[in-house]
Amino acid sequence: MAAVIFVGEPPKGFSVDRTGLSSGGDERVRRGSAVAETPTLLRVLTLRRHWQVYETFRLRFEATATSIADDENDTRLRGLSVSKRQFERWYGGAVKTRPYPDQCRVLEAMFGVGVDLLLAPAPQAVERTTPASESPLVIPPPRSAPVLLPTEQAAALPVGGPFSSEPRFNAGTTELERQVAMAARRALRFTAMAEGSSIGPETLGQIHDEVRRLTAAYPRLALPTLLGDLVEVQDLTFRLLEHGRVKPLQARELYLLAGITSGMLAKASHDLGNPSAAMMQARTAFVCADNADHQAMRAWVRSLQSLISYWAGRPAEAADYALLGQSTADDVRGTTSVWLACLSARAHALIGDAEATRTAIQQAEDARAAVVPDDLDAFGGIMTFPEPRQLYYVAEATVHLGEDPVLGESRSEAAVSAYRNASEDEWAFGDEAGAQTDLALARIARGEIEGAIEAVRPVLDLPVEQRNFGITSSAQRVHAALHADGRRNTGAAADLRGEIEAFTATPTSVLVR
């Protein structure tokens, strides 16, 4: 059965947000956050340029960020976006602190005014020049068009959020890109049909290219943009293996591609908070790896099973899967060997085994030093384990072990910094969010509530499309740490707990029915 993805807001009557954040109108008023009596200069200039609709402002912000990235050769700004909630804060004047430095650079380039002046009350002379007919901010809901995936009409949802690095386009180009993607999927199905019951090199090559595209995109894009394609490719590989005449060498490659696709769908099921479906897909991926006789793929699937168990709250099972993967990975020299050791470290940290955690962290360092990239690493994206991700796992293990809060904070800061400076191939919005929440946990352990708020803020600004199960679970850990710290009813800590509750009430899974 095809998954249903709602493009834009859910249809009328489909309630997914108990906080009132997902319908149209002036959401700031419904949340009780009144617009400042004297509008800021940013608000006045935004109205003057007719950018007061969120989607319009976001596109202008992203285009400016890309322009700065090109002019200054600063790849960190490429794809930088602004969430709807953050836009509302800026527009409504409900800003208590300056935006992040990169956001300041973009805002100043957009308006040609320093950010402190932009966020300050507009001078009366400027305010009077604003047309009287301009009404307070009203953000109309996007068209509610339910889309069945996979189909030729499957449309990509916007990714957004401070962690997004997806290339952005204006409305016209987005439609062109959509048509190209639709045509490519149609061509893939036609090629498979035209070559008949025997699988030819063109079909195999096209499937290989499509799987490579999906593996590279998975860590960087929101799941709703990829789910339809993943389901379609898995279905095609299964049909070819079940009904096609496959030569032995072709069968091994096709089983490998089916295994990788099933592995990504296992991760997708996990990201939607369904560990049972995730394990089912992972077992299918392992069967495919066995039929391909691919040792590195077997180890990669065991890593995935460890990850699923870890986030499902079964750390002992996660440690067992990591050990099982390590026991079958003697000849594996790719980055999967590093992933297995890091998974072992995280699992043992949750169990509370300090010695096993430290041993696993050292094993990960030794494995990294001995890495020889293999054919799975060549796929890139979700199939490889880059150094920023290793730093994130080590930081998480250190924070959860809880022996040294200073070391936990230091390692978390190193992981956050690594993701801020990561190349496009190494960057992943989910892992960067995890590093941010680990930093918040480390700071809570040290009693630095304001520092924790600063660390977790970019995570809470993520749009619904990027609030996968791992990210919402990480945010809930921050919530629990604040509760355990005894600060649940005091000032900033209470406000943060409320924001986390609103954030976790609308995970990505509400978009998929």
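Scope of this entry: the structure provided in the associated data block. Owing to the predicted nature of the structure, the values given are computational and were not obtained by experimental measurement.

Some thoughts on the overall build of the protein chain
Secondary structure assignment for the protein chain yields 23 helices and two strands. Sorting the 513 residues of the protein chain into buried and exposed places 54% on the buried side. Considering only intrachain contacts with a sequence separation of at least 6, the fraction spanning at least 24 residues in the protein chain is 73%. When the accessible surface of the protein chain is totalled, it reaches about 22100 Å², and 54% of it is carbon and sulfur.

Some details on the pattern of salt bridges
Counted by the stated rule, this structure contains 29 salt bridges. A salt bridge links E210 to R213, with the nearest nitrogen and oxygen atoms 2.7 Å apart. With E210 and R213 both in helix α9 (residues 201-217) and three residues apart, the pair spans about one turn of that helix. A relative accessible area of 15% means that E210 is categorised as buried. R220 serves as the salt-bridge partner of E424, at 3.3 Å between the closest nitrogen and oxygen. Residue E424 is located in the loop between α19 (405-420) and α20 (429-445), and its partner R220 is located in the loop between α9 and α10 (227-243); the two are separated by 204 residues in the primary sequence. R220 gets classed as buried once you look at its relative accessible area, which sits at 14%. Residues joined in a network through salt bridges with shared partners are E72, D74, R76, D102 and R105.

Here we look at unusual backbone geometry
Positive phi, normally seen in glycine, also occurs at H50, with a value near 65°. Mapped onto the secondary structure, H50 falls in the loop between α2 (41-48) and α3 (54-72). The phi dihedral of D293 is positive, around 50°, even though this residue is not glycine. In this fold, D293 is placed in the loop between α12 (275-292) and α13 (295-311). We classify D293 as partly exposed; its relative accessible area is 49%.

Topic: empty space enclosed by the protein
Applying the stated criterion to the full structure yields one cavity of 30 Å³ or more. Taken as a whole, the largest cavity encloses approximately 30 Å³ of empty space. Looking at the lining of the largest cavity, its residues break down into five nonpolar, three polar and one charged.

Some remarks on the packing of helix α22 (residues 469-484) against helix α23 (residues 491-504)
At a minimum axis distance of 10 Å, the contact between α22 and α23 shows a crossing angle of 155°. Here α22 lies roughly antiparallel to α23, going by the angle between them. As for how α22 packs across α23, the hand of that crossing is left-handed. Where α22 abuts α23, its residues I471, T472, A475, Q476, V478, H479, L482 and H483 lie against A493, L496, R497, I500, E501, F503 and T504. Its residues assigned to classes, the contact of α22 with α23 shows eight nonpolar, five polar and two charged.

Cut-off values and rules
- Residues numbered from 1 in each chain as written.
- Predicted model: local features only at pLDDT ≥ 70, side-chain atom pairs only at ≥ 80, totals over all residues.
- Heavy atoms only, no water.
- Helix = DSSP H or I, 4+ residues; strand = E, 2+ residues; numbered from the N terminus.
- Buried < 20%, exposed > 50% of the residue type's maximum accessible area, 1.4 Å probe, protein only.
- Contact = heavy atoms within 4.5 Å.
- Areas by Shrake-Rupley, 256 points an atom, 1.4 Å probe, with all protein chains shown as cover.
- Salt bridge = Lys/Arg side-chain N within 4 Å of Asp/Glu carboxyl O.
- 1 Å grid on protein atoms, 1.4 Å probe; cavity = no way out; pocket = protein on both sides within 12 Å on 5 of 7 lines; lining within 4 Å.
- Points joined across faces, edges and corners; volume = space filled by probe spheres on them.
- Nonpolar A, V, L, I, M, F, W, Y, C, P; charged D, E, K, R; others polar.
- Axes fitted to C-alpha atoms, helices over the stretch in contact; angles between N-to-C directions.
- Parallel < 35°, antiparallel > 145°, perpendicular 65-115°, else oblique.
- Left-handed = near helix turned anticlockwise from the far one by under 90°.

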